[in-house]
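# A closer look at the structure
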Amino acid sequence: QTAIDMYAKWATGDADEKITVIYDTMHHSTQKMAHAVMEGIMSEGVEAKMFYLKKDIESDIVAEILDSKAICLGVPTMMNGPFPRVGKLMYYLDCLRFGNTGVRKKAVLFSSKGWAGGAIRKLTESLNAAGFDVMEEDGAVCGNFHQVQAAQQCGLAGAGRSDDDHDVTLID
């Protein structure tokens, strides 16, 4: 596939039947949640790729997002906002203007509990403005991962379900 072919695909919003899981973490709680989300996705037989913002190259992450129909974004909260590396990624996604393609990508947010969930609220606004439809207004999961319930919610979110059997289908 040539670079021109790739840009033509991205400009029309055409994407593969896959989900990109992106996360950052301060104390490994959000990392554990990301792995549970990924396990839920894999349990449904959906193709997925996971990225850790501290270690992975941002342009590789964005290229994968461009090729995916949906994202799951895990974010720690810092000072009632998203952790800085997540904010940097959001700036990149906003610049790409996904909404201009006429196709909105789906997104699920998850976060370990902290600062009253300020990161989820701010990222919901940012993702909506960048051309994503956030599937759950308050985040798919916002709890202490060490609680069994939060671990189960993460796996269900990855599988496209919620704990009340509400369908949050990411891939149509």
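Bear in mind that the values here come from a model prediction, so they are computed numbers and not experimental data.

Rules used throughout
- Residues numbered from 1 in each chain as written.
- Predicted model: local features only at pLDDT ≥ 70, side-chain atom pairs only at ≥ 80, totals over all residues.
- Heavy atoms only, no water.
- Buried < 20%, exposed > 50% of the residue type's maximum accessible area, 1.4 Å probe, protein only.
- Helix = DSSP H or I, 4+ residues; strand = E, 2+ residues; numbered from the N terminus.
- Pairing = 2+ DSSP bridges.
- Expected span 1.5 Å × (residues − 1).
- Core = buried A, V, L, I, M, F, W, Y, C linked by side-chain atoms within 4.5 Å.
- Polar contact = N/O pair within 3.5 Å; in protein donor to acceptor, adjacent residues only side chain to side chain.
- Patch = residues over 30% accessible without salt bridge, like charges linked within 9 Å, V, L, I, M, F, W, Y side chains within 5 Å.
- Areas by Shrake-Rupley, 256 points an atom, 1.4 Å probe, with all protein chains shown as cover.
- Salt bridge = Lys/Arg side-chain N within 4 Å of Asp/Glu carboxyl O.
- Phe/Tyr/Trp six-rings, centres within 6.5 Å; stacked < 30°, edge-to-face > 60°.
- Axes fitted to C-alpha atoms, helices over the stretch in contact; angles between N-to-C directions.
- Parallel < 35°, antiparallel > 145°, perpendicular 65-115°, else oblique.
- Left-handed = near helix turned anticlockwise from the far one by under 90°.
- Contact = heavy atoms within 4.5 Å.
- Nonpolar A, V, L, I, M, F, W, Y, C, P; charged D, E, K, R; others polar.

Turning next to the pairing of strand 1 (residues 16–23). Counting buried positions over the eight residues of strand 1 gives six, a clear majority of the element. Pairing geometry for strand 1 and strand 3 (residues 68–74), over six bridges, is parallel. Looking across to strand 3, one finds that I19 is bridged to A70.

Look at helix 2 (residues 29–43): 21 Å from first C-alpha to last across 15 residues, which is about the 21 Å you get at 1.5 Å a residue. At the exit of helix 2 stands G45, carrying a positive phi of roughly 75 degrees.

Let's shift gears to the nonpolar core. Membership of the largest hydrophobic core comes to 25 residues, with the highest contact counts inside it found for I22, I65, L73, L89, L93, L127 and F132. Those elements that place two or more of their residues in this core are helix 3 (58–66), strand 3, helix 4 (84–96), strand 6 (105–112), helix 5 (118–130) and strand 7 (132–134). The dominant element in this core, judged by the number of residues it contributes, is helix 5, at five residues. Core analysis: the second largest hydrophobic core is formed by 13 residues, M33, M38, I41 and Y52 among them.

Attention now goes to the environment of H28. Secondary-structure assignment places H28 in the loop between strand 1 and helix 2. The exposure class of H28 is partly exposed, given its relative accessible area of 44%. The spacing of H28 and P76 is 48 residues in sequence and 9.5 Å in space, taken between C-alpha atoms. A distance of 2.8 Å separates polar atoms of two side chains, one belonging to H28 and the other to Q31.

With that settled, the discussion passes to a nonpolar patch on the surface. Residues M26, M78 and M79 make up a contiguous nonpolar surface patch of about 300 Å² in total accessible area. Following the sequence through the fold, M78 ends up in strand 4 (residues 77–78).

Time to look at the packing of aromatic side chains. Applying the stated criterion across every chain, the model contains three aromatic pairs. Arranged with centres 5.3 Å apart and planes meeting at 80 degrees, the rings of Y7 and W10 form a pair that is edge-to-face. Of this pair, Y7 and W10 both sit in helix 1 (residues 3–12), three residues apart, roughly one helical turn. Consider the rings of F98 and F132, whose centres lie 5.1 Å apart with planes at 65 degrees: the pair is edge-to-face. Separated by 34 residues along the polypeptide, F98 in the loop between helix 4 and strand 6 and F132 in strand 7 bring together distant segments of the chain. Of the residues examined, F98 reaches a relative accessible area of 4% and is grouped as buried.

Where helix 4 meets helix 5, the closest approach of the two axes is 9 Å, and the angle between their N-to-C directions is 20 degrees. As summarised for this structure, helix 4 and helix 5 are arranged roughly parallel, according to the angle between their axes. The two elements helix 4 and helix 5 meet at a crossing, and its hand is left-handed. Where helix 4 approaches helix 5, its residues V86, M90, L93 and D94 are matched on the opposing element by L123, S126, L127, A129 and A130. Each residue belonging to the contact of helix 4 with helix 5 can be placed in one class, and the counts come to seven nonpolar, one polar and one charged.

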